[in-house]
Amino acid sequence: KFAKEGGSTEIATLPGIYDVSLSNSNGKSNIVQFTITDTSIPSITVLSPKGGEAWQIGQVYEIRWSASNMPTDSDVLIALLREDGSIVTSIASWPASAGSYSWEISADLSPLIIPGEYRIGIYCPKDNSSGYICSDASDAPFSIGTAAGL
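A quick note: this is a predicted structure, and the numbers were derived from the prediction, not measured. (Residues numbered from 1 in each chain as written. Predicted model: local features only at pLDDT ≥ 70, side-chain atom pairs only at ≥ 80, totals over all residues. Heavy atoms only, no water.)

### Quick look at the state of the cysteines
Rules: Pairs of cysteine sulfur atoms within 2.5 Å are what we label disulfides. Numbering of helices and strands runs from the N terminus, with a helix taken as a DSSP run of H or I at least four residues long and a strand as a DSSP run of E at least two residues long.
Inspection of every chain in the model, using the stated rule, returns one disulfide. Bridging Cys124 to Cys134, the disulfide has an S-S length of 1.6 Å. When the S-S torsion is -65 degrees, as for the bridge of Cys124 with Cys134, the disulfide is left-handed. Linking Cys124 in the loop between strand E11 (116-123) and strand E12 (126-127) with Cys134 in the loop between strand E13 (131-132) and strand E14 (135-137), this pair joins segments that are ten residues apart in sequence.

The following block contains the structure:
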């Protein structure tokens, strides 16, 4: 709602960047730019691992995330990523609202997971027309190795 002399006006707006011209009683005006965002768009943020951690094959680690505006009862896809962003393996499909998943880095995965640098990727539910509607990955790489190799 915008107030003006003698009342107020409601303006329906879409997300975007807008310019508003403001003027005072002396006739001086300024143009102010502001952004309107759509807060109903789903989003996800990987909280852990952030990067720099040293994980070992055979151990259990907690993968954590923060999700907002997800469709009710939706799952996220949790994946192990190479440095270039390609998926090594899908870890789990898990309720978005859970916010965490305990992952055992099984020795059975050793043909896929060689000691090295990785990231965790988390993908929001698919939209039928455009693929995943949101995603995030660890901020920096973390290492996975054997107890002797770390």
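That shown, we press on.
### So, the pattern of salt bridges
Rules: Definition used for salt bridges: Asp or Glu carboxyl oxygen within 4 Å of a side-chain nitrogen of Lys or Arg. Note on exposure labels: buried denotes an accessible area under 20% of the residue type's maximum, exposed denotes more than 50%, and partly exposed covers the range between, all computed with a 1.4 Å probe on protein chains only.
Applying the stated rule across the entire model yields two salt bridges. Among the salt bridges present, the one from Asp139 reaches Lys50, with a minimum N-O distance of 2.6 Å. You can see Asp139 sitting in the loop between E14 and strand E15 (142-145) and its partner Lys50 sitting in the loop between strand E5 (43-48) and strand E6 (54-56), a full 89 residues away along the chain. Residue classification places Lys50 among the partly exposed residues on the basis of a relative accessible area of 33%.

### Some points on unusual backbone geometry
Looking along the chain, the bond that leaves Ser48 and enters Pro49 is cis, with omega of 5 degrees. Note that Pro49 resides in the loop between E5 and E6. Unlike most non-glycine residues, Asn69 shows phi in positive territory, near 60 degrees. With respect to the helices and strands, Asn69 occurs in the loop between strand E7 (60-68) and strand E8 (75-81).

### A look at the side chain of Ser74
The criterion, for reference: For this analysis, residues touch if any pair of their heavy atoms sits within 4.5 Å.
Note that Ser74 resides in the loop between E7 and E8. Relative accessible area serves as the criterion here: at 10%, Ser74 is assigned to the buried category. Setting aside residues up to four positions removed in sequence, Ser74 forms contacts with Trp94, Pro95, Ala96 and Pro125.

### Comments concerning the sheet that holds strand E10 (residues 100-104)
Rules: Only strands joined by at least two bridges in the DSSP assignment are considered to pair. Convention adopted: a line fitted to C-alpha atoms gives each axis, helices being fitted over their contacting stretch, and angles between N-to-C directions are expressed from 0 to 180 degrees.
As summarised here, the arrangement of the three strands in space is E5-E7-E10, forming an open sheet in which the pairing is antiparallel. Of all the strands in the sheet, just E5 and E10 have a single pairing partner and so form its edges. This sheet shows a mean twist of 25 degrees between the axes of neighbouring strands, independent of strand direction.

### Description of the nonpolar core
For clarity, the threshold we go by: We define a nonpolar core as any set of buried Ala, Val, Leu, Ile, Met, Phe, Trp, Tyr and Cys residues linked to one another through side-chain atoms lying within 4.5 Å.
Formed by 26 residues in total, the largest nonpolar core has its most connected members in Leu80, Trp103 and Ile144. Counting residues per element, the ones that place at least two in this core are E5, E7, E8, strand E9 (87-95), E10, E11 and E15.

### Comments concerning the environment of Pro141
If you trace the backbone, Pro141 turns up in the loop between E14 and E15. Look at Pro141 and you get partly exposed, because its relative accessible area is 21%. Apart from the residues lying within four places of it in its own chain, the contact partners of Pro141 are Gly51, Gly52, Glu83, Glu117, Tyr118 and Arg119.

### With respect to the packing of aromatic side chains
Two aromatic rings, taken as a pair, are described by how far apart their centres are and by the angle between their planes. The condition is simple: Between 30 and 60 degrees the pair is tilted, below 30 it is stacked and above 60 it is edge-to-face, where a pair is any two Phe, Tyr or Trp rings, Trp via its six-membered ring, whose centres lie within 6.5 Å.
Overall, the coordinates contain four aromatic pairs when judged by the stated rule. For the pair Trp55 and Phe142, a centre-to-centre distance of 4.7 Å together with 50 degrees between the ring planes defines the contact as tilted. Of this pair, Trp55 sits in strand E6 while Phe142 sits in strand E15, and the two are 87 residues apart along the sequence. For Phe142, a relative accessible area of 0% puts it in the buried group.

Just distances and angles here, no functional claims.
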